[in-house]
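# Chains, contacts and geometry: an overview
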Amino acid sequence: MASKSNSTFSVLGSDLAIKGDIKASADLHIDGNVEGDIACTSLVQGETSKVTGAIEAESARLAGTVDGSITVRELVILKTAKITGDVFYDALTIEQGAQVEGRFAHRERRASSAPAAAPKADGNGKPELQIAN
C-alpha cells in the first residue's frame, strides 16, 4: 500500500479496455472499461467507465457502471453511477439519482453472518419472509 507521504496514483484512460484482474498498491483512477476484478487502496471511477467484476478497496468514488460486488471501507456513489451487485461497506454516501440493483450490507454483518441467518426457501424455491424481533 502506498504511504501518505509518498502517494502515487495510476490512471486508466477512456481509450483503454482491459480484460483481467487489476491489483494496485496505489490509488487508481479509471475512465476506461475493465473486465475483471479490481483491488486497490483508493478507486475513482469516471462517468464513462464500465467495470465488470468485483471491486475491493479502502475507499471508492463511483460515477460509472459497475456490474459486480463492491467491498469498501468508505464508499461514495455519485448520481451518474449504475451499479448491479451487492455492496459491502463501512461508511456509505449515495447521491440522489444513483441507480443500484443489489443488496447493501455493513461489512461487520457480512463477516459475522452465519448460514443459519440466510433466508429459507419454501417448497417452490422462493425465499421465505422472516421478521426480525
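Residues numbered from 1 in each chain as written. Predicted model: local features only at pLDDT ≥ 70, side-chain atom pairs only at ≥ 80, totals over all residues. Heavy atoms only, no water.

Another point: the overall build of the chain. Counting secondary structure elements, the chain contains one helix and 15 strands. When contacts within the chain are restricted to residue pairs at least 6 apart in sequence, long-range pairs at least 24 apart make up 5% of them. Taken as a whole, the chain presents about 8600 Å² of accessible surface, with 49% of it coming from carbon and sulfur. (Helix = DSSP H or I, 4+ residues; strand = E, 2+ residues; numbered from the N terminus. Contact = heavy atoms within 4.5 Å. Areas by Shrake-Rupley, 256 points an atom, 1.4 Å probe, with all protein chains shown as cover.)

What follows deals with the sheet that holds strand S2 (residues 17-19). The six strands lie next to each other as S2-S5-S7-S9-S11-S14, forming an open sheet whose pairing is parallel. Of all strands in the sheet, those bounded by a partner on one side alone are S2 and strand S14 (99-101). Shown here is a sheet whose adjacent strand axes are inclined to one another by a mean of 5°, direction ignored. Bridge count for strand S5 (residues 33-35) against strand S7 (residues 50-52) is three bridges, and the pairing is parallel. (Pairing = 2+ DSSP bridges. Axes fitted to C-alpha atoms, helices over the stretch in contact; angles between N-to-C directions.)

Considering all chains together, one arrives at four salt bridges under this definition. Of the charged contacts, one joins Glu58 and Arg73 as a salt bridge, the two residues approaching to 2.8 Å between their closest N and O atoms. On the criterion of sequence distance, the pair formed by Glu58 in strand S8 (residues 55-62) and Arg73 in strand S10 (residues 70-77) is long-range, its members being 15 residues apart. Glu58 sits in the partly exposed class, given a relative accessible area of 36%. (Salt bridge = Lys/Arg side-chain N within 4 Å of Asp/Glu carboxyl O. Buried < 20%, exposed > 50% of the residue type's maximum accessible area, 1.4 Å probe, protein only.)

Attention shifts here to the packing of aromatic side chains. Scanning the model with the defined rule gives one aromatic pair in all. On the basis of an interplanar angle of 70° and a centroid distance of 6.5 Å, the ring pair of Tyr89 and Phe104 is categorised as edge-to-face. Separated by 15 residues along the polypeptide, Tyr89 in strand S12 (residues 87-89) and Phe104 in strand S15 (residues 104-106) bring together distant segments of the chain. Residue class for Tyr89 comes out buried when judged on its relative accessible area of 18%. Residue Phe104 is classed as partly exposed on the basis of its relative accessible area of 34%. (Phe/Tyr/Trp six-rings, centres within 6.5 Å; stacked < 30°, edge-to-face > 60°.)

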